[in-house]
2 protein chains.
Amino acid sequence: MRNYIADPVVKRLPAYYRHLRALEKMGILQISSQDLGAVMDLTPSQIRQDLNRIGAEGRQGYGYAVPDLREHIAHLMGVDRPHRMIILGAGNIGHAVSLSSSFPLEGFETVAIFDTDAGKVGKTLAGLPIRDISELDAFVKSETVDIAVIALPADVAQDMTDRLLALGVKAFWNFAPVDLHLPADAVSLNVHLTDGLEVLSYQLTHLND
Amino acid sequence: MRNYIADPVVKRLPAYYRHLRALEKMGILQISSQDLGAVMDLTPSQIRQDLNRIGAEGRQGYGYAVPDLREHIAHLMGVDRPHRMIILGAGNIGHAVSLSSSFPLEGFETVAIFDTDAGKVGKTLAGLPIRDISELDAFVKSETVDIAVIALPADVAQDMTDRLLALGVKAFWNFAPVDLHLPADAVSLNVHLTDGLEVLSYQLTHLND
């Protein structure tokens, strides 16, 4: 994997994308590195450096064209193409991810949900039937699956990931509170919800230091 | 706010805490910076630098005492003290946060849930009644509230935050896809779920570059 854009820049791309979409929605079609920096809480020089790194050059006295830059970043992140997701685990996280009303998941379509619980299997979630886990292999072999959402307890997350890897799934959005072990040709992103809560606790604890 | 520990170190504290708890559970009570580095995917020198920064010195030829280090970090993050949370919004995110079976929220207790939807108010979630938003002010004035979970749509998140700030709430765990504007004496942590999904999309897109 040729990591031609440094990780910190990659991690900032969604924030660029989010702010550019908001700006465009407000009718702002052109922005300077100064103004974009103010919106994003970054220095103008950091903005220019980041955007230069992804091949987007601002023009002297003009800045950046908001729609062009948004499209460029969308293409770079691959979010201008649809992604088909399956959700493993129809618990609370599975519910929150499948029902995207609280956060937009444009271009990311949930195509199947699996669980082992007989009490859940057959019920409908986000317009999809909750399938028994025994149907997983046949489903993944016959359908295109881009991303697996691991919404499972910690103790079964790795086993399920190994099973999905054997079926050819390459990308994992992991909500289980463990780090997944993956081969070099697969990728994962961990959502450790409690980590954020603990950082918030730290900040609150030291608010008056 | 005297920021005596740099942000990147603070952001790594939850990972230290998580790994130390896992090690302790496995009966590993002593660990070298080499081994801890291997577990955490950091260099031994980075481990020593981070831990030195938080006042935890390893001993030559011994390393670190796992339980002591875990307790030290818990105290530093304030997670050895209970936190009372209220949840604004009984939608999917509100459900996922209140029903903590998918991720542990030790020490973080949800004490009330509020919504504006008459169809939800009065129903029970995680053993708590969903309260009408009109009860918010009286509740916050009479009870201790450490953290507000903003599980609301983007367009109402800031208004609700302002209302809570006026009531004296100082910490916000924000799941709305907007950045909250806060005074200097309040803190927030944003969970932008789609940001992670977009980073994952980037990694998947560039897997074979």
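Going by the structure above, here's the rest.
Residues numbered from 1 in each chain as written. Chains lettered and ligands numbered in written order. Predicted model: local features only at pLDDT ≥ 70, side-chain atom pairs only at ≥ 80, totals over all residues. Heavy atoms only, no water.

**Some remarks on the overall build of chain A**
Looking only at helices and strands, chain A has 8 helices and 9 strands in total. Projecting the C-alpha coordinates of chain A onto the three principal axes gives extents of approximately 60 × 50 × 35 Å. A total of 209 residues make up chain A; the buried ones form 51% of that total. For chain A, contacts bridging at least 24 residues in sequence account for 56% of all contacts bridging at least 6. (Helix = DSSP H or I, 4+ residues; strand = E, 2+ residues; numbered from the N terminus. Buried < 20%, exposed > 50% of the residue type's maximum accessible area, 1.4 Å probe, protein only. Contact = heavy atoms within 4.5 Å.)

**With respect to the interface of chain A and chain B**
At the interface, 64 residues of chain A touch 64 residues of chain B. Together, the buried faces of chain A and chain B total about 5,800 Å²; carbon and sulfur atoms form 67% of this surface. Connecting chain A to chain B are 4 salt bridges. Between Arg 18 of chain B and Asp 179 of chain A there is a salt bridge, with the nearest N and O atoms lying 3.8 Å from each other. Elements represented by at least two residues in the side of chain A that touches chain B include exactly α1 (7-25), α4 (66-77), β3 (83-88), α5 (92-98), β8 (171-174), β9 (187-190) and α8 (193-205) of chain A. Here the side of chain A that touches chain B gets 13 residues from one element, more than from any other, and that element is α8 of chain A. (Buried area = accessible area lost by both parts, 1.4 Å probe. Salt bridge = Lys/Arg side-chain N within 4 Å of Asp/Glu carboxyl O.)

**Description of the packing of aromatic side chains**
On inspection of all chains with the given rule, the structure shows 4 aromatic pairs over all chains. When the ring of Phe 114 of chain B is compared with that of Phe 139 of chain B, the centres are 5.7 Å apart and the planes differ by 75 degrees; the resulting orientation is edge-to-face. Placement of the pair is Phe 114 of chain B in strand β4 (residues 108-115) and Phe 139 of chain B in helix α6 (residues 136-142), with a sequence separation of 25 residues. One exposure class covers both Phe 114 of chain B and Phe 139 of chain B, and it is buried. Positioned above the aromatic ring of Tyr 62 of chain A is the side chain of Arg 59 of chain A, whose terminal nitrogen or guanidinium carbon lies 4.3 Å from the ring centre. (Phe/Tyr/Trp six-rings, centres within 6.5 Å; stacked < 30°, edge-to-face > 60°. Lys NZ or Arg CZ within 6 Å of the ring centre and 35° of its normal.)

**Let's talk about the environment of Glu 24 of chain A**
Residue and element names in this part refer to chain A. Following the sequence through the fold, Glu 24 ends up in helix α1. Given a relative accessible area of 24%, Glu 24 falls into the partly exposed group. The spatial distance from the C-alpha of Glu 24 to the C-alpha of Pro 67 is 6.7 Å, given a sequence separation of 43 residues. Those residues within four positions of Glu 24 in sequence are excluded, and the remaining contacts are Leu 29, Val 66, Pro 67 and Arg 70.

**Structural notes on the environment of Thr 43 of chain B**
Looking at the secondary structure, you find Thr 43 of chain B in the loop between α2 (33-40) and α3 (44-53). Along the chain, Thr 43 of chain B and Gly 63 of chain B lie 20 residues apart, while their C-alpha atoms are 14 Å from each other.

**Description of the relation of the copies chain A and chain B**
Least-squares fitting of chain A to chain B yields an RMSD of 0.0 Å, with the superposition described by an axial translation of 0.0 Å and a rotation of 180 degrees. Taken together, the rotation and translation describe the operation of a two-fold axis. Every residue of chain A has its C-alpha some distance from the rotation axis, and the shortest such distance is that of Ala 96 of chain A, at 3.2 Å. Residue by residue, 100% of the interface of chain A is reproduced at the interface of chain B, so both copies engage with the same surface. (Least-squares fit on C-alpha atoms with pLDDT ≥ 70 in both.)

**Quick notes on the packing of helix α1 (residues 7-25) of chain B against α2 of chain B**
Residue and element names in this part refer to chain B. Their axes nearest at 11 Å, the elements α1 and α2 cross at an angle of 110 degrees. Viewed along their axes, α1 and α2 adopt a mutual orientation that is roughly perpendicular. Contacts between α1 and α2 involve Ala 15, Tyr 16, His 19 and Leu 23 on the former and, on the latter, Leu 36, Val 39 and Met 40. (Axes fitted to C-alpha atoms, helices over the stretch in contact; angles between N-to-C directions. Parallel < 35°, antiparallel > 145°, perpendicular 65-115°, else oblique.)

**Looking at helix α7 (residues 154-166) of chain A**
Residue and element names in this part refer to chain A. Turning to α7, its buried residues number three or more, namely Ala 157, Gln 158, Met 160, Thr 161, Leu 164 and Leu 165. Structurally, α7 contributes buried residues whose contacts are with β3, α6 (136-142), β7 (147-150) and β8. Looking one or two residues beyond α7, the residue adopting positive phi is Gly 168, at roughly 100 degrees.

**Side note on the environment of Arg 131 of chain B**
Residue and element names in this part refer to chain B. Tracing the backbone shows Arg 131 in strand β6 (residues 128-132). According to the relative accessible area criterion, Arg 131 is partly exposed, its value standing at 24%. Residues within four places of Arg 131 in sequence aside, it is in contact with Ala 112, Ile 113, Phe 114, Asp 115, Val 121 and Phe 139.

**Comments concerning the nonpolar core**
The biggest cluster of nonpolar side chains holds 102 residues, and the ones touching the most others in it are Trp 173 of chain A together with Trp 173 of chain B. Ile 86, Ile 133, Leu 152 and Ala 157 of chain A belong to the second-largest nonpolar core, a separate cluster that totals 23 residues. (Core = buried A, V, L, I, M, F, W, Y, C linked by side-chain atoms within 4.5 Å.)

**Digging into the sheet that holds strand β5 (residues 124-125) of chain A**
To summarise the sheet geometry, strands pair through backbone hydrogen bonds and adopt either a parallel or an antiparallel arrangement. Residues and elements named next belong to chain A. If you walk across this open sheet you meet the 7 strands as β5-β6-β4-β3-β7-β8-β9, and the pairing is mixed. Each edge of the open sheet is held by one strand with a lone partner, namely β5 and β9. Here β3 runs beside β7; their pairing, made up of 4 bridges, is parallel. By the bridge assignment, Ile 86 is partnered in β7 with Ala 148. Against the sheet, α7 makes contact with β3, β7 and β8, and its axis sits at roughly 165 degrees relative to β7, the strand it touches most. (Pairing = 2+ DSSP bridges.)

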